[in-house]
Structures are given as C-alpha cells and as structure tokens.
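A look at the structure
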Amino acid sequence: MKIQLRDETREFEKGTTILEIASSISEGLARVAVAGRVDGVLTDLSVALEDDCALEIVTQKDPEAKQILRHTAAHVLAQAVKTIYPTAKLSIGPATEDGFYYDFDFKTPITVDDLPKIEAEMKKIIKANFEIKRNVVTKKQALKRAKDEGETFKIQLIGDIPDDETVTEYTQGDFTDVCRGPHMRSTGMVKAFKLTRIAGAYFKGDSKNKMLTRIYGVAFDKKSEMDEYFVRQEEAMKRDHNKLGRELEIFTTVDYIGQGLPILLPKGTAIVQTMQRFVEDEEAKRGWVRTKTPLMAKSDLYKISGHWDHYKDGMFVLGDEKEDKEVFALRPMTCPFQYQAYLNRARSYKDLPMRLAETSTLFRNESSGEMHGLIRVRQFTISEGHLMCTPEQLESEFKGCLELAIFMLKTMGLYEDASYRFSQWDPNDRDKYIGTVEQWEEAQGKMKTILDNLGIPYKVGVGEAAFYGPKLDIQIKNVWGKEDTLITIQIDQMLAEKFGMEYTDKDGNKKNPYIIHRTSIGCYERTLAYLIEKYAGAFPLWLAPVQLKVINVSEKSEDYAREVSQKLALHGYRIENDFRSEKVGYKIRQAQLEKVPYMMVLGENEIAAGTVTLRKRNGEEIRDLSIEQVVEIFNKEIEEKIK
RNA sequence: GCUGAUGUGGCUCAGUGGUAGAGCAUCACCUUGGUAAGGUGGGGGUCACGGGUUCAAUCCCCGUCAUCAGCUCCA
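What comes next concerns the included structure. (Residues numbered from 1 in each chain as written. Chains lettered and ligands numbered in written order. Predicted model: local features only at pLDDT ≥ 70, side-chain atom pairs only at ≥ 80, totals over all residues. Heavy atoms only, no water.)

Quick look at the packing of helix H17 (residues 558-569) against helix H20 (residues 627-639)
Filter applied, for reference: Axis definition: a line fitted to C-alpha atoms, over the contacting stretch in the case of helices. Angles run 0 to 180 degrees between N-to-C directions. The numbering of helices and of strands both runs from the N terminus, where a helix is a DSSP run of H or I of at least 4 residues and a strand a run of E of at least 2. Any angle between 65 and 115 degrees counts as roughly perpendicular, while under 35 counts as roughly parallel, over 145 as roughly antiparallel, and the rest as oblique. A crossing counts as left-handed when the near helix is turned anticlockwise from the far one by less than a right angle, and as right-handed when that turn is clockwise. Here, residues are in contact when the closest pair of their heavy atoms is within 4.5 Å. Just so you know the grouping, Ala, Val, Leu, Ile, Met, Phe, Trp, Tyr, Cys and Pro go in nonpolar, Asp, Glu, Lys and Arg go in charged, and all remaining residues, Gly too, go in polar.
Across the interface, H17 lies against H20 with an axial gap of 11 Å and an inter-helix angle of 45°. With respect to H20, the axis of H17 lies oblique. Every pair of crossing elements has a handedness; the one defined by H17 and H20 is right-handed. Together, Val-564, Lys-567 and Leu-568 of H17 and Ile-627, Val-630 and Val-631 of H20 make up the contact between the two elements. A breakdown of the residues in the contact of H17 with H20 according to their chemical character gives 5 nonpolar, no polar and 1 charged.

Points about the protein's contact with RNA strand B
In plain terms, the rule: Summary of the distance rule: residues count as near a molecule or strand when at least one heavy atom falls within 4 Å of that molecule or strand. Definition of a polar contact: a pair of N or O atoms within 3.5 Å, with one able to donate and the other able to accept a hydrogen when the atoms are protein atoms, and with sequence-neighbouring residues admitted only if both atoms are side-chain atoms.
Around RNA strand B there are 57 residues in total, and Asn-242, Tyr-311, Glu-370, Glu-555 and Arg-589 lie nearest to it. Sugar plus phosphate, as a fraction of atoms of RNA strand B within 4 Å of the protein: 51%. One nitrogen or oxygen atom from the side chain of Arg-197 is found 3.0 Å from a sugar or linking oxygen belonging to RNA strand B. At a separation of 2.8 Å, a base nitrogen of RNA strand B approaches a polar side-chain atom of Glu-606. Every element with two or more residues in the surface near RNA strand B is listed here: strand S11 (192-202), strand S12 (211-220), helix H11 (307-311), helix H18 (584-593) and helix H19 (604-609). Counting residues per element, the surface near RNA strand B draws most heavily on H18, at 7 residues. For the surface near RNA strand B, the residue count by class is 19 nonpolar, 20 polar and 18 charged.

Considering the sheet that holds strand S5 (residues 53-59)
Applied cut-off: By definition, two strands form a pair when at least two bridges between them are found by DSSP.
Pairing is mixed across the open sheet formed by 5 strands, whose spatial order is S2-S1-S5-S3-S4. Because the sheet does not close on itself, it has two edges, and the strands there are strand S2 (9-11) and strand S4 (41-43). Neighbouring strand axes in the sheet, compared pairwise and without regard to direction, differ in orientation by 35° on average. Along the sheet face, helix H1 (residues 18-25) touches strand S1 (2-4), S2, strand S3 (33-38), S4 and S5 and points at about 75° away from the line of S5.

Everything listed is a geometric property; what it means functionally is a separate question.
Shown next as structure tokens:
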C-alpha cells in the first residue's frame, strides 16, 4: 500500500502499524510519536494500516498531542476513582482546553477533600506505567461488558453509537473503558497534572437527566508548563472584572437588593455614560432615530409577540392571571414596543428603511445560578435597535448594522478579541421556535448569503438562534476563557407578520417588512465588564472615570492647584483633587493604584513659573506646560479616543 | 434550578464552644514633605440572616440570602 508522508510517498506492507512506519522514518521520531493522523483522523500508533492513505505522525510538540495526553489523564482519573470507589459509575471523560474532566455517579457524594486521595491513586497508576491497549470490539461485546459491570451510563452511551461505527475499548492495567481514542502509549506518559475542582454536570448535558459529579483537572507535558498555567490563572484573576470592578469602585452588589442587580458606582456610571453618549451620537450620524418606550406592558403584548409562550419563565410577571384583570410584565426585550412606533401609521416603501434605536433597559429573570458580576445580570441597559426594510434593502442594511458594531468594537479596543457565530435554529427542537421550516430556511439562507458576501469568518451554532430568527452573534471571552455574546444582529421575518406590520410597495400591494434586530455595542453592563478586563482597569483617557488627579506638593501650593483644577474643570474633564496633608509620594501612589491616566503635581516650582507638570500613568512627566497646552493634549487624546 | 465551595470591621485575611484580632483604609494630632507607603493616637464588627442544640454559639446542626467555580439556560 502507498502511504503519503509529509515529504514523500512510500510503499509499506499492508498491516504495518503507524508506530512501525514512524520507526522506519527515524527512531527519534518513533520515540516522540504520540499518534498518527490518517487522512486527517487522529489514530493510535498501534493501529495497523490496510489501505493507501495520507499519514502524518503527531509528536509531543503538536497541539493535538496535548489533547491526547489530557484525554489519557482523564482515563487515569477514571481508573483511580474505580479503584477507590468500585461502586462509582462512569460516564464520559474528554480533554478540555487546559486539562480534562470525567463524569461519575458516586453512590455517596464526594467533596474537594477527597481529591488529594484520588490524585495520589492517579500517581500510583502513572508510576505503574500501564501499557494502554486498544481493542476493536463489536457494539454487542461493548454492551455486554458494560452490562456485566453495571455501567448504566456507559450502556446508554454505547447504545448511541451508530451501528456501522467501529467500537474501541482501551485497557490499562485492570481498567477498561470504551472510548474513541486515541490515547498515549502508556499511563506513565502523563507527567504533570492536578485535580482542580468538582462540580455537577447533567448526563449528556440535559437537565432532565441525572446530575453526575464532574471532576476537573489540568494536565501538561511538564511541571514547569503547569506552573506557568497557574501563574497565568493568577494574572487572569487580577484582571477579573468581578474583582477589579469592585476594587476600583466601579460597581458593587448588595445581598438584600438581590442577585443580578448590581449598583453602578459613580466611576462605573461615568464610564457607561461616556459610552452611551458616544453610541447615541454615532447612531444618529448613521441615520438612526430614537424612541423611548415603556419598561412594562400587559401580558397581551407578549402574547402577540410569542414571548408569553416561549419566554414566560424568563420574565418578571406582575400579578396573577387568575386573580387580576390585568397582568403586566417587565420587558425582557424591546422588539414589540418599538414596533408600535412603526405601526403608528400606515407605511410606504418610501418610509423604509426605518431605523429605530433606543437605549433600553430590560429585565430578565435569569435562573439563580446564572448571574455573574456585570456579565449576566437581571436588569441591564442595551443599545437596542430595530430596522424595518424591504427585501432589496436587507443586505445593505445588515451590512450597515455590522459596520456600526465593528466600528464600536474597534473604538472600544475589543475588536481583536471578538469572533463571529452564525446562530441557527435546531430543526429537531421545534418547540423552541416559531415559524415554518420554509421560513427558517429562507431567513437563514438570506443570512448565509449576506455573511458569505461580506466574507465574515463565522462558526455555526446550531440551536443558538432566537425563537423568531437566525442571529449573527459577536462573541467575546472573559479572562477565564468563558465565552458570551457581546453583540447580536438578527434577521426576523416572522414578528412583522404577527404584529401586522406592513408597507405599501410600489406596486400598491401590502407587504411585511424584514426586521433586523441589532445592538451596536451590546449591553452597557456587559461591555463595561469586558472593558475592565481588557484594560485591567487602566482605561483610555476618553473612558476613564477620573481623567486627572490634581495633587499639591504642600499647603503652600493648594491655592494654585485649586485654581488650575477649576480652570480645567470648565472644559468638562473628570477631575479629582487630592489636597490632603500627605506626602506627595503617598498621594501619587494612591492615584497610581486607582489607575488614573494623568496626574498633575503642583508645587512651588510651578507657581514660580506659572506652569503645570503632567505625570502619565506610566510615570512619564511632561513639564512646563500651560493650561492651554494641557487642554490641547487632553482634547486630542479624548477626541481621537486613543487607547 | 442543580453540584461543589465560600460568607469575620470599608478592603485583604487570621482565629476560637466561654460575647473577637492583624495589615490596609478611615478620623484626630504632629509633620509642609517634589514623584509608588512619614509618625503617634482614636473610632469602627449582632462574626451574612433566621431557627435549633448547649449553662454558653461567630464556631456544631438545619433553613434562607448572597458571592465564586461548573452544569443547564441565555429572546
């Protein structure tokens, strides 16, 4: 058979294993080989090849090797758990970004205190360096073994494997687990690992199923790499908006106000207000007009929109349908409110596109375990907008919405961290969505064409659509690597019909407009959270809650400092004075810790010269400036939104 | 909602079955000091909240609330 290697094609006998092929290339390669990639599919070294194929040898250096290592570490964990807790039932144990996890069903629950014991057992298994043997079995054989061992979850998992697929089992010592593989050659190849935490996870990711105990760990090639990982985690923790945002007095929470209801402190409010003004002005420049609609409505409205059926659990409902004549609900979105502005009179194609924006406060009754700092809250304010247009206008208007979003991301400095997700419906979960298959195919087809024409590099998210239409979600990760939607642009051809929104076209016929639901910068709370993490609290001048701290050297310079401060305040800068009778070094240190972009230290030298001295956050000083020169520096930096 | 962890002055954290401590912050006084912490002294805590056990609970038990990690969810 012909095997196409990286640089050449070579002839091998049928039945030669990947490891043997690696050895024939070089012994060195065989030593560092971890797996093979056969026609793009990761495969164990022990697998014998039978047909012509392309083969790449995956070595320890390749990123895939880490995944294999981590997956093997998961099996070592499973073996250790089965040794200590023979009654524990196995579920699944894949690799993750930095490590692995395995889901178990324990007869009696374990806690974090049990982890060291399990780790110790894992070390024994690693030291024993069991060979990891791959066996191809039939589905029937795998099922029988799972039944014999009482592995109730494995029985279900094996049952889900398509009949025509090869089933493989991996054995290390006395432990065997059904698994797609590939794996390291032996347990001794797991070098550096640590069990990190324990959490609940539903079997097969479905909350209707039993909750299993998930044990998480990290694994690396070397101890030093693992140490670096923990150092990186420490660094991430320092940027965490939930910690830094509180330290810098941007926001706080109060237990008797409630979960998901943060208090924006003056500093946080200053940032949000700056963003909001910027967003509203920019939207106006791009042809958006604003509405101001109620924060609540009778249930009737939500019944028309479909929210009552599809989203009632997520709403704060005021009153009881059985007892009260009128039941209200706080709004979880702006759509049906803003549509009323469109419906205010009969519309013509000449009115389109109609771009309606609103700085809109929404309320969503998130489950108690969902709330997170400023990223997931129960009340938030979003730069909302709905755009009604004709089918011909759809593509260019969608593009305009995307350009606005990208402009915002770039200005904020978040663009490089964002990725795109084309969120589609799940045809197998019809309950979640309104509309027909044809409508969904049409809307998604239109969006796909638009995205492909724009050359947007997206990944597809099945089942991530809104109940009324597909979305382009702009995703961003927090310091811990957890992803959330920052911005969304959606195409909706269903709600217009539900609300009877029409326009009279050139031909005199009434038609439903397309609606684009979009946000230009997302929710201010969430965006603020990512900004805190992005800048580690050291905001660009235009966004900084305190732009300048004026510091006097001694009492002798207080009057002068006050005078300078007042003159600068007339320009609208956000200034704080620190005229306390403390030493200059002390006051500078404090301003530094608050990450204020500019300090102005004024003493007798400045009084004598009639000038001021600026000190940047990085310690750089600009001396002998007039107030006018300071204004010039500030205005330039603020207007250009320099990062 | 579920699993696990946490909750002690404004913040970071010690601590104990016999009604609590440090550093930072705050306040007062001294100091008027030129680019990341000057000195002295003082005030401040129903040990998240509510029950229970106990002669006695911040500590043990139960419940609630909040915070964190994860799962599910996320219009």
